[in-house]
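# Working through the structure, step by step
Letter by letter, the chains look like this.
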Amino acid sequence: MQDTIPIAPSSSTPPTLILPSPATHFSQRADRFEQLAPGHALGDFLQFMAALARAQHAALQQLTPPALPDAAHLERARTHGMPPLAAQSLPRDAAWHSALYQVLDALVPTANSASAALLAELRALPAERWEAMAARILDTDFSGPDARHYPLVAAALQVYWVQLVTSLPVQAYAPLDVRNVCPACGCLPLGSVIGAHADVTGLRYAQCALCGTQWNVTRASCLACGAGEDRVGYHSIEGDTGPMQAESCDECHSYFKLLRRDKEGSADLTADDLASLALDMLLDDAGFARGGPNLLFVPGES
Ligand SMILES: [Zn+2]
Ligand SMILES: [Zn+2]
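Residues numbered from 1 in each chain as written. Chains lettered and ligands numbered in written order. Predicted model: local features only at pLDDT ≥ 70, side-chain atom pairs only at ≥ 80, totals over all residues. Heavy atoms only, no water.

By definition of the ideal shapes, four donors in a tetrahedron about a metal sit 109.5 degrees apart, and six donors in an octahedron sit 90 or 180 degrees apart. Ligation of the zinc ion (ligand 2) by protein atoms is provided by Cys 222 (SG), Cys 225 (SG), Cys 249 (SG) and Cys 252 (SG), these donors lying 2.3 Å from the ion. For the zinc ion (ligand 2), the four donor atoms in the first shell make angles of 105 to 114 degrees at the metal, so the coordination geometry reads as tetrahedral. Read in sequence order, the donor residues for the zinc ion (ligand 2) give the motif C-x2-C-x23-C-x2-C. With Cys 222 in the loop between β5 (214–217) and β6 (232–235) and Cys 249 in strand β7 (residues 244–249), this pair connects stretches of sequence that are 27 residues apart. With relative accessibility at 1%, the residue Cys 249 sits in the buried group. (Donors = N, O, S within 2.8 Å, 3.2 Å for Na, K, Ca; no water. Tetrahedral: all angles 85-135°; square planar, octahedral: opposite > 155°, others 65-115°. Helix = DSSP H or I, 4+ residues; strand = E, 2+ residues; numbered from the N terminus. Buried < 20%, exposed > 50% of the residue type's maximum accessible area, 1.4 Å probe, protein only.)

Once that is clear, we can look at the coordination of the zinc ion (ligand 1). For the zinc ion (ligand 1), the protein coordination sphere consists of Cys 182 (SG), Cys 185 (SG), Cys 208 (SG) and Cys 211 (SG), at 2.3 to 2.4 Å. With four donor atoms in place around the zinc ion (ligand 1) and angles of 95 to 120 degrees between them, the coordination shape is tetrahedral. The exposure class of Cys 182 is buried, given its relative accessible area of 0%. Judged by relative accessible area, Cys 208 falls into the buried class, the value being 3%.

This part takes up the domain arrangement of the chain. Frequently, the measure chosen for interface size is the accessible area that the parts lose on association. Domain assignment breaks the chain into domain 1 (16–172) and domain 2 (189–290). Placing a centre on the C-alpha atoms of domain 1 and another on those of domain 2 gives a separation of 22 Å. Each partner contributes residues to the interface: domain 1 has 24 residues there, and domain 2 has 24 residues. When the buried surface of domain 1 facing domain 2 is broken down by residue, Ile 18, Arg 29 and Arg 32 rank first, second and third, together holding 37% of it. In this assembly, domain 1 and domain 2 are joined by two salt bridges. In this structure, Asp 268 and Arg 29 form a salt bridge, with 3.0 Å as the shortest nitrogen-oxygen distance. Of all elements in the fold, only β2 (17–20), α1 (25–36), α2 (43–62) and α7 (150–165) reach the threshold of two or more residues within the side of domain 1 that touches domain 2. Among the elements that take part in the side of domain 1 that touches domain 2, α1 stands out by supplying seven residues, more than any other. Taken together, the residues of the side of domain 1 that touches domain 2 sort by class into 16 nonpolar, six polar and two charged. (Domains from an automatic or database assignment. Contact = heavy atoms within 4.5 Å. Buried area = accessible area lost by both parts, 1.4 Å probe. Salt bridge = Lys/Arg side-chain N within 4 Å of Asp/Glu carboxyl O. Nonpolar A, V, L, I, M, F, W, Y, C, P; charged D, E, K, R; others polar.)

Once that is clear, we can look at the packing of aromatic side chains. All told, the structure shown has four aromatic pairs when counted by the stated rule. Relative to Trp 130, the ring of Trp 96 lies with its centre 6.3 Å away and its plane at 45 degrees, an arrangement referred to as tilted. One end of the pair, Trp 96, is in helix α4 (residues 95–107); the other, Trp 130, is in helix α6 (residues 127–138), with 34 residues separating them in the sequence. Residue Trp 96 shares its accessibility class with Trp 130, and that shared class is buried. Ring centres of Tyr 160 and Trp 161 lie 5.0 Å apart, and the angle between their planes is 90 degrees; on these two criteria the pair is classed as edge-to-face. What makes Trp 161 buried here is its relative accessible area of 0%. Taken together, Trp 96, Tyr 101 and Trp 130 form an aromatic cluster joined through their ring pairs. (Phe/Tyr/Trp six-rings, centres within 6.5 Å; stacked < 30°, edge-to-face > 60°.)

Right, let's get into the pattern of salt bridges. What the rule picks out here adds up to 16 salt bridges. Here Arg 123 ties to Asp 105 by a salt bridge, and the two come within 2.7 Å at their closest N and O atoms. One end of the pair, Arg 123, is in helix α5 (residues 113–124); the other, Asp 105, is in helix α4, with 18 residues separating them in the sequence. Close ionic contact of Arg 204 with Glu 247 constitutes a salt bridge, the shortest N to O distance being 2.7 Å. Taken together, the residues span a long stretch of sequence, with Arg 204 in strand β4 (residues 204–208) and Glu 247 in strand β7 at a distance of 43 residues. In this pair, the class of Arg 204 matches that of Glu 247, namely buried.

Here is the structure:
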């Protein structure tokens, strides 16, 4: 099933950039969480994440069209090779608040008493606190007194940014000189996917942790420092035949998850990442630091 919009669907050259499809981006993720949950050691968590992805899908369908930057801003971004919707600097429309309200309300029926209390606490916080949390998350700074709330705030920000990046025509985006940030919103990649789209089997795309945009990157190269294939290594859990691997770099000692979607078409980078935390422990033990943030999971917070 086609789940993404290629920048040049009829071209014989592969797209350099693939935008998320608002109709399926979160619903296919929810399906994948539901597929992964039964019999998994983290089954309850993955089931909750399925409900979260469903809530994101519903919130996205109801979001009002966002305020977009003017033509001069877009032209400047193009000229200077900058992401046109830079998440760290673009003023945020309060529309993302309504996405957060919707996500929180949709999760109430599935929540146990502890998480219901957390949902209520977050819902009651003033907008300035939400904005302060958003600023930290978009800065990939997961510290601070409100860290327990970050995954749900990030879920609403993802809804908002998927709508934002898909509100501009694909021509608004161009490949950047730096390959380790999203060409649409400037955020870090969560990891990368091989076989991201039916038309691009065998090619590798980095995927934005925030807006889900995918951009073409060279196979066997470090997403953080660009080191080539003689410096990267591959890891998987022994005996695990799943589609998730990790690609580590001996140059900068980081690692990123690598999803072999060519092996499992229903796989989703965000969902399969959270279902493969054992792989993160393996890489941590081997002395590598995680390079790609999963905004829905703050290590050390439940
Ligand atoms: Zn992005
Ligand atoms: Zn590296």
